[in-house]
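# Structural characterization, general
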Amino acid sequence: MAGGKKDNKVVVIGTGIGGASVSALLAKEGMDVTVLERNSFPGGKAASFDREGFIYDTGVHWLARGEKGPMGEIADIVGAEIKFQSMDTAMEYTTGGRTAQLSQNMDEEESLQKLFEEIGVLPENREGAHALFKDLSRERTPEELEVLDEVSFSDYIARFVDDEQLNRVLDGFTGMYMCISRRAASTGEFILCFSGQAKEKNLCYPIGGMRAVPVAYLDALESMGGELRYSTPVEHIVIEGGKVRGVEAGGFIPADMVISNNGVKETIALAGRHNFPDDYVAMADNLRLSFGAVSVKYALDAEVVSSPLSCYFPDFRDEKLVERQAAIFVPVPSAADPSLVPPGCQLVLAGSLAPPGLEEPEQAKAICNEMLDRIENTMQDLYPNIEEHVVWKIRTDTRYIAEISGRWTGEVIGIAQNRHQVGRNRPSSTTPVQGLYLVGADAGGRGVGTEMAADSALNLWRMLRNA
Ligand SMILES: Cc1cc2nc3c(=O)[nH]c(=O)nc-3n(C[C@H](O)[C@H](O)[C@H](O)COP(=O)(O)OP(=O)(O)OC[C@H]3O[C@@H](n4cnc5c(N)ncnc54)[C@H](O)[C@@H]3O)c2cc1C
């Protein structure tokens, strides 16, 4: 590493999963790390808050692999303590008026047979459906994956089967993993998300709420001598002669290296577009985002929702339901961690996808409000007594996600994992500016949301320690 590790003064912008984890990893290398966070709390999209005895998350989170994925690997390296609670059943899934219990064994014939029967895959399509899942779970070389990165997931499915009910299940999976449509999604990326989860069978939630993950990394950072400043927005990344010099954050802070957790587009704006080659700026301008999300967070004085994790699509054959309801993803974090709520109570998050941010703020607000009303209708239809048990209820929209993550828009993941923006086509953590790096879900990582942000941090750390 140029200049010796101790001489490297590193400023990390942001404490999302990516920023928090890379700061601890670099502190572990003996670097002088300062983390600047614009919010008064840690975690970005992975933040959690306390309200009247309940701890709830910014997002609507469930984790694909927990300690068996990159978040666990980072915790081991930096000595952070995170406890992930694994789920016995994977998920209750309802579509087309039928409900299936999805097990964690999605790579096993028996579980698939049960799923296809319960969800109503047509008998003549079952052979193709089995072949599809077998192919999704098989080991692949990096070269094979690279080819599939650029194949639309819809086109890939069509090689095996075309079944309406199965397509809806796969829509749900693509929505949950990547928050984009089946048509736009990259097959290679889907396979990585699916096979990782199917192999590890560790769908889980962190004890203490989602914030437990960034907090554990930041505690590790501070225990190794790193500095952490909240309520310190970086106003400008200072670049001279094509090299980073530091940041302006209520005063100049010099740095040999600046690592931004603030997304590709926003980082370019913070540093000044003129400091980057035109083709890099054009690449960033053209990047597409994942969908945003709206959610209703319910603090309940009783256990109203029975399944710890469910995904519900309105029955598409019933026009009234289609008009009134929304497709919802419903995790119950208190099922994994009862300490998040007072005894006998329940925390339920009900989320749905929405456009990440529109040019017209009033239009965006109206779309989000309509989606939020639909979520509430759906929850009331599914759990008719839910309103009687509400202690408090919060409706959050895409502006809320944007505010909490310091982004312009309220996308769930970051830039979309479509077939033009994954693998070798995803923005790298290195930028054309010497000493300026990106970390987080936007750059240099793969997988499901939080795990992609953690993967990005691991990859950047490996690259910097070998430099
Ligand atoms: C509603 C919702 C549901 C989700 N569900 C899941 C799920 O079930 N499973 C899953 O794995 N993932 C899920 N995700 C996605 C996941 O949360 C994100 O992909 C991941 O947390 C992004 O992390 P990140 O490191 O890229 O940074 P972010 O979380 O975007 O954090 C960026 C940080 O940088 C800070 N910052 C920005 N600008 C500045 C500045 N100028 N100065 C200082 N600080 C700054 C921000 O305040 C923030 O703390 C969900 C997200 C949302 C919103």
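What counts, and at which threshold
Residues numbered from 1 in each chain as written. Predicted model: local features only at pLDDT ≥ 70, side-chain atom pairs only at ≥ 80, totals over all residues. Heavy atoms only, no water. Near = heavy atom within 4 Å. Polar contact = N/O pair within 3.5 Å; in protein donor to acceptor, adjacent residues only side chain to side chain. Areas by Shrake-Rupley, 256 points an atom, 1.4 Å probe, with all protein chains shown as cover. Helix = DSSP H or I, 4+ residues; strand = E, 2+ residues; numbered from the N terminus. Nonpolar A, V, L, I, M, F, W, Y, C, P; charged D, E, K, R; others polar. Domains from an automatic or database assignment. Contact = heavy atoms within 4.5 Å. Buried area = accessible area lost by both parts, 1.4 Å probe. Salt bridge = Lys/Arg side-chain N within 4 Å of Asp/Glu carboxyl O. Buried < 20%, exposed > 50% of the residue type's maximum accessible area, 1.4 Å probe, protein only. Axes fitted to C-alpha atoms, helices over the stretch in contact; angles between N-to-C directions. Parallel < 35°, antiparallel > 145°, perpendicular 65-115°, else oblique. Pairing = 2+ DSSP bridges.

Take the site of the ligand next. As a matter of local geometry, the ligand sits amid 37 residues, with Gly18, Glu37, Lys45, Trp62 and Thr450 nearest to it. Alanine 441 places a main-chain nitrogen or oxygen 2.8 Å from an oxygen atom of the ligand. Taken by itself the ligand offers 1000 Å² of open surface, and the protein chains cover 96% of this. Elements supplying a minimum of two residues to the shell around the ligand: helix H1 (17-28), helix H15 (398-405) and helix H16 (449-466). Of the residues contributing to the shell around the ligand, the split by class is 17 nonpolar, 17 polar and three charged. Two domains each donate at least three residues to the shell around the ligand, and these are domain 1 (5-86 + 208-287 + 415-466) and domain 3 (291-405).

Here we come to the domain arrangement of the protein chain. Under the domain assignment used here, the protein chain contains domain 1 (5-86 + 208-287 + 415-466), domain 2 (105-200) and domain 3 (291-405). Inter-centroid distance (C-alpha atoms) of domain 1 to domain 2 is 31 Å. With 16 residues of domain 1 at the contact, the number on the domain 2 side is 19 residues. Taken over both partners, the interface formed by domain 1 and domain 2 buries close to 1400 Å², and the fraction arising from carbon and sulfur atoms is 53%. When the buried surface of domain 1 facing domain 2 is broken down by residue, Gln417, Arg419 and Arg446 rank first, second and third, together holding 41% of it. At the surface where domain 1 touches domain 2, the tally comes to four salt bridges. The salt bridge involving glutamate 146 is made with arginine 424; its shortest N-O contact spans 3.4 Å. Residues belonging to the side of domain 1 that touches domain 2 are distributed by class as follows: five nonpolar, six polar and five charged.

Here isoleucine 268 lies in helix H10 (residues 264-271). What makes isoleucine 268 buried here is its relative accessible area of 4%. In sequence terms isoleucine 268 and glycine 447 are 179 residues apart; their C-alpha atoms lie 24 Å from each other.

Moving on, we get to the packing of helix H5 (residues 142-149) against helix H8 (residues 187-200). Contact geometry of H5 with H8 gives a least axis separation of 6 Å together with a crossing angle of 125 degrees. Judged by the inter-axis angle, H5 sits oblique to H8. On the side of H5, the interface is formed by Leu145, Leu148 and Asp149, while H8 contributes Thr187, Gly188, Glu189, Ile191 and Leu192. Class assignment of the residues belonging to the contact of H5 with H8 gives a composition of four nonpolar, two polar and two charged.

Another point: the sheet that holds strand E1 (residues 9-13). Spatially, the five strands line up as an open sheet ordered E9-E2-E1-E13-E19, and their pairing is parallel. Across the chains shown, the open sheet's two edge strands, defined by having one partner strand only, are strand E9 (227-229) and strand E19 (436-438). On average, each strand axis in the sheet is tilted by 20 degrees relative to the strand beside it, whichever way the strands run. By the bridge criterion, four bridges tie E1 to strand E13 (residues 257-260) in an arrangement that is parallel. If you follow valine 10 over to E13, its bridge partner there is methionine 257.

Next up on the list: the pattern of salt bridges. The final tally for this structure, using the stated rule, is 28 salt bridges. With its nearest N and O atoms 2.9 Å apart, the salt bridge here joins aspartate 373 to arginine 395. Here arginine 395 lies in strand E18 (residues 390-396) and aspartate 373 lies in helix H14 (residues 361-382), a separation of 22 residues in the sequence. By relative accessible area, which is 40% here, aspartate 373 ends up partly exposed. Note that glutamate 411 is salt-bridged to arginine 407, the shortest N-O span being 2.8 Å. In terms of burial, glutamate 411 and arginine 407 fall into one category: buried. In the salt-bridge network here, residues are joined through shared partners; they are Asp373, Glu376, Glu387, Lys393 and Arg395.

This part takes up the environment of tyrosine 230. With respect to the helices and strands, the residue tyrosine 230 is situated in the loop between E9 and strand E10 (236-240). In this structure tyrosine 230 comes out as partly exposed when scored by relative accessible area, which is 31%. Sequence separation between tyrosine 230 and arginine 38 is 192 residues; the distance between their C-alpha atoms is 6.1 Å. Excluding its chain neighbours within four sequence positions, the residues that come into contact with tyrosine 230 are Glu37, Asn39, Ser40, Phe41, Pro42 and Leu218.

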